[in-house]
Amino acid sequence: MDLSKILAISGKPGLYKTLSQSKNGFIVESLQDGKRFTAFTHERISTLEEISIYTEKDDIPLKKIFKTIFEKQNGEPAPSQNANAGELKSFFEQIVPDYDKERVYVSDIKKVVNWFNILQEHKLLDFTEEEEKKDETGEGKTDAKETKPAEELKKVKKTKVKVGEKPVAKRTSAAAGKKPIAQKQKSK
């Protein structure tokens, strides 16, 4: 599934497929009605590949959310975007339990559900490619050559310094063995 060629254009409903690039923008085709037009560069255009959802910890790419919805729905469409807000929130909470409820609005959830249903309807959701690529690249498998540098990196100690702090010099073993100097008492 290549989401880098699927566009969301601000102010225009639905999704668009990139056909080619023109002098002033992109020539796109609507996935709903098949109409072609030029999306100009001054419009806010986003590929689905670069969109992510806020969570309490990190951002989750839209591709992973689509995969989770696909697995949860067993390949069936998600609930309609016209469902009430409570239903959509509870559905989305099952998909992304730790989504940031202050920054992800119901309108955002409606977009994600609508986009998923559009892609599902046009059979553009294919997650078998990712699994095949993982097998070809050997991801998940480790070779002796790969683990050796990783083990060496683990041995190297890294000192973390917070922004605005000065690094503290480490004591040497000779200095660590000495007793601290007693403070002099003030005389009256």
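Heads up: these notes are all about the structure in this document. Per-chain numbering applies: the sequence of each chain, read as written, is numbered from 1 onward. Note on the predicted model: pLDDT of at least 70 is required for a residue's local features to be given, and 80 or more for side-chain atom pairs to be given and counted; whole-chain, interface and lining totals, by contrast, use all residues. Side-chain calculation: all heavy atoms of the structure are included, whereas hydrogens and water are not.

Digging into helix 2 (residues 85–95)
To sort residues, take the accessible area from a 1.4 Å probe on protein chains only and compare it with the maximum for the residue type: under 20% means buried, over 50% means exposed, and anything in between is partly exposed. Helix and strand assignments come from DSSP, with helices taken as H or I runs of at least 4 residues and strands as E runs of at least 2, each series counted from the N terminus. Considered for burial, the residues of helix 2 that qualify are Leu-88, Phe-91, Phe-92 and Ile-95. Each buried residue of helix 2 sits inside an arc of 95 degrees when the element is viewed along its axis, so together they form one side. Buried-residue contacts for helix 2 involve strand 6 (52–54), helix 1 (62–72) and helix 3 (106–121). Sitting at the amino-terminal end of helix 2 is Asn-84, which places a side-chain oxygen 3.2 Å from the backbone nitrogen of Gly-86. Taken from the helix axis, the directions to the C-beta atoms give the arc we talk about. Contact definition: two residues touch when any of their heavy atoms are within 4.5 Å. For the purposes of these results, a polar contact is taken to be a pair of N or O atoms within 3.5 Å, where, inside protein, one atom must be able to donate a hydrogen and its partner to accept one; residues adjacent in sequence count only when each atom of the pair is a side-chain atom.

So, the layout of surface pockets
Rolled over the atoms, a probe sized like a water molecule indicates the empty space that remains. Lining residues are those with an atom within 4 Å of a point, where the points come from a 1 Å grid over the protein atoms alone and group into cavities, where a 1.4 Å probe fits but cannot get out, or pockets, open sets with protein on both sides within 12 Å along at least five of seven lines. Grid points are joined across faces, edges and corners, and a volume is the space filled by probe spheres set on the points. A volume near 530 Å³ is recorded for the largest pocket. What lines the largest pocket is a set of 22 residues, and nearest its centre among them are Ala-8, Ile-51, Asp-108, Lys-111 and Trp-115. Secondary-structure elements contributing two or more residues to the lining of the largest pocket are strand 1 (6–9), strand 6 and helix 3. Polar here means any residue outside two lists: the nonpolar Ala, Val, Leu, Ile, Met, Phe, Trp, Tyr, Cys and Pro, and the charged Asp, Glu, Lys and Arg; Gly therefore counts as polar. Per-class residue counts for the lining of the largest pocket are nine nonpolar, seven polar and six charged.

As for helix 3
An expected span of 1.5 Å times one less than the residue number is assigned to each helix. When the terminal C-alpha atoms of helix 3 are compared, their 22 Å separation across 16 residues agrees well with the 22 Å that a helix rising 1.5 Å per residue should span. In this structure, the buried residues of helix 3 make contact with strand 1, strand 6, helix 1 and helix 2. Within two residues after helix 3, Lys-123 carries a phi angle of roughly 55 degrees, on the positive side.

Observations regarding the environment of Leu-31
Structurally, the position occupied by Leu-31 is in the loop between strand 3 (25–30) and strand 4 (36–40). Accessibility expressed as a relative area gives 10% for Leu-31, which makes it buried. Apart from the residues lying within four places of it in its own chain, the contact partners of Leu-31 are Ile-6, Leu-15, Lys-17, Ile-118, Leu-119, His-122 and Leu-124.

Structural notes on the packing of helix 1 against helix 2
Here the axes come from fitting lines to C-alpha atoms, over the contacting stretch only for helices, and the angles between their N-to-C directions go from 0 to 180 degrees. Where helix 1 contacts helix 2, the two axes come as close as 9 Å, and the packing angle between them is 100 degrees. Taken together, the axes of helix 1 and helix 2 are roughly perpendicular relative to one another. Along its contact with helix 1, which presents Ile-65, Thr-68, Ile-69 and Lys-72, the element helix 2 presents Phe-91, Phe-92, Gln-94 and Ile-95. Tallied by class, residues from the contact of helix 1 with helix 2 come to five nonpolar, two polar and one charged. Under this scheme an angle from 65 to 115 degrees is roughly perpendicular, one under 35 degrees roughly parallel, and one over 145 degrees roughly antiparallel; angles in between are oblique.

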